[in-house]
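So the chains spell out like this:
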Amino acid sequence: MQTIDYEDFYKIELRIGTIIRSEIFEKARKPAYKIWIDLGDEIGVKKSSAQITDYYTPETLIGRQVICVCNFKPRQIADFMSEVLVTGFTHSEGGIILAGVETPVPNGSKLH
């Protein structure tokens, strides 16, 4: 594993947000959802394409708080601009389990 300095970690904007909209991303090459995440007043609502279809449906995502990388360059995926990266962990049987918090915190809060 490569090590980094604290300064490198602090360059990454890891923020929490609440999913407010989700739909199937029909034009994606791999199964994915289009999701809209409220990241608070400072950042606003951002979009993401997320390959999280193994354990979630669009309906179960609404209201869920997720941890996002907010300062990657936006990425065009088919006809959709993904503005943030939603984080998660690979399940032992495959698929992604979203990273979140056990107690709700204000949207836009930064991970320390």
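If you check an unreviewed UniProt entry, the protein chain appears there as tRNA-binding protein from Algoriphagus iocasae.

Colleague: Got a minute to help me understand the overall build of the protein chain in this structure?
Modeller: Regarding its fold elements, the protein chain presents three helices and nine strands. Walking the protein chain from its N terminus toward its C terminus, one meets helices and strands in the order α-β-β-α-β-α-β-β-β-β-β-β. Computed over the C-alpha atoms, the radius of gyration of the protein chain is 14 Å, within 12% of the 13 Å expected from 2.2 N^0.38 for a compact globule of 112 residues. Structurally, the protein chain occupies a C-alpha span of about 40 × 35 × 30 Å along its principal axes.

Colleague: Please clarify how the sheet that holds strand 4 (residues 65-69) should be interpreted in this entry.
Modeller: Paired through backbone hydrogen bonds, the strands of a sheet run either parallel or antiparallel to each other. The five strands lie next to each other as 3-2-1-4-7, forming an open sheet whose pairing is antiparallel. Because the sheet does not close on itself, it has two edges, and the strands there are strand 3 (45-50) and strand 7 (85-86). Of the strand pairs in this sheet, strand 4 and strand 7 are connected by two bridges, and their pairing is antiparallel. Directly across from cysteine 68, in strand 7, lies its bridge partner valine 86.

Colleague: Sorry, what's going on with the side chain of arginine 15 here?
Modeller: Looking at the secondary structure, you find arginine 15 in strand 1 (residues 14-24). A residue is classified by how much of its surface remains accessible, and arginine 15, at 11% relative accessible area, is buried. Within polar-contact distance, the side chain of arginine 15 engages the backbone oxygen of glycine 108 at 2.8 Å.

Colleague: Would you mind showing me how to read the UniProt feature "domain: TRNA-binding" (unreviewed entry) in the protein chain here?
Modeller: In the numbering used here, UniProt assigns the "domain: TRNA-binding" (unreviewed entry) feature to residues 8-112. Secondary structure across residues 8-112 divides into 10% helix and 40% strand, with the first and last C-alpha atoms of the span separated by 13 Å.

Colleague: How should I be thinking about the nonpolar core in this particular structure?
Modeller: Where a protein is soluble and globular, its nonpolar side chains tend to be buried together. Counting 15 residues, the largest nonpolar core has Ile35, Ile37, Leu61 and Cys68 as its most contacted members. Secondary structure elements with two or more residues in this core: strand 2 (33-38) and strand 4. The element best represented in this core is strand 2, accounting for three residues. Ignoring any residue separated from it by four or fewer positions in sequence, one finds isoleucine 37 in contact with Gly17, Thr18, Ile19, Gly44, Val45, Lys46, Ser48, Val66, Cys68, Val84 and Val86.

Colleague: When you look at the packing of aromatic side chains in this model, what are you seeing that I'm missing?
Modeller: For any pair of aromatic rings, geometry is given as the distance between the ring centres together with the angle between the planes. In the structure shown here, the tally under the stated rule is four aromatic pairs. For the pair tyrosine 6 and tyrosine 10, a centre-to-centre distance of 6.4 Å together with 25° between the ring planes defines the contact as stacked. Taken as a pair, tyrosine 6 and tyrosine 10 lie in helix 1 (residues 6-10) at a separation of four residues, close to a single helical turn. For the pair phenylalanine 9 and tyrosine 10, a centre-to-centre distance of 5.6 Å together with 65° between the ring planes defines the contact as edge-to-face. Accessibility expressed as a relative area gives 26% for phenylalanine 9, which makes it partly exposed. A connected cluster of aromatic rings, assembled from ring pairs, spans Tyr6, Phe9 and Tyr10. The ring of tryptophan 36 carries the charged tip of arginine 21 above its face, separated from the ring centre by 3.9 Å. It is lysine 47 that lies over the ring of phenylalanine 80; its NZ or CZ is 5.2 Å from the centre.

Thresholds applied
- Residues numbered from 1 in each chain as written.
- Predicted model: local features only at pLDDT ≥ 70, side-chain atom pairs only at ≥ 80, totals over all residues.
- Heavy atoms only, no water.
- Helix = DSSP H or I, 4+ residues; strand = E, 2+ residues; numbered from the N terminus.
- Rg over C-alpha atoms; globule rule 2.2 N^0.38 Å.
- Pairing = 2+ DSSP bridges.
- Buried < 20%, exposed > 50% of the residue type's maximum accessible area, 1.4 Å probe, protein only.
- Polar contact = N/O pair within 3.5 Å; in protein donor to acceptor, adjacent residues only side chain to side chain.
- UniProt positions renumbered as here; feature names shortened; annotations may be inferred.
- Core = buried A, V, L, I, M, F, W, Y, C linked by side-chain atoms within 4.5 Å.
- Contact = heavy atoms within 4.5 Å.
- Phe/Tyr/Trp six-rings, centres within 6.5 Å; stacked < 30°, edge-to-face > 60°.
- Lys NZ or Arg CZ within 6 Å of the ring centre and 35° of its normal.

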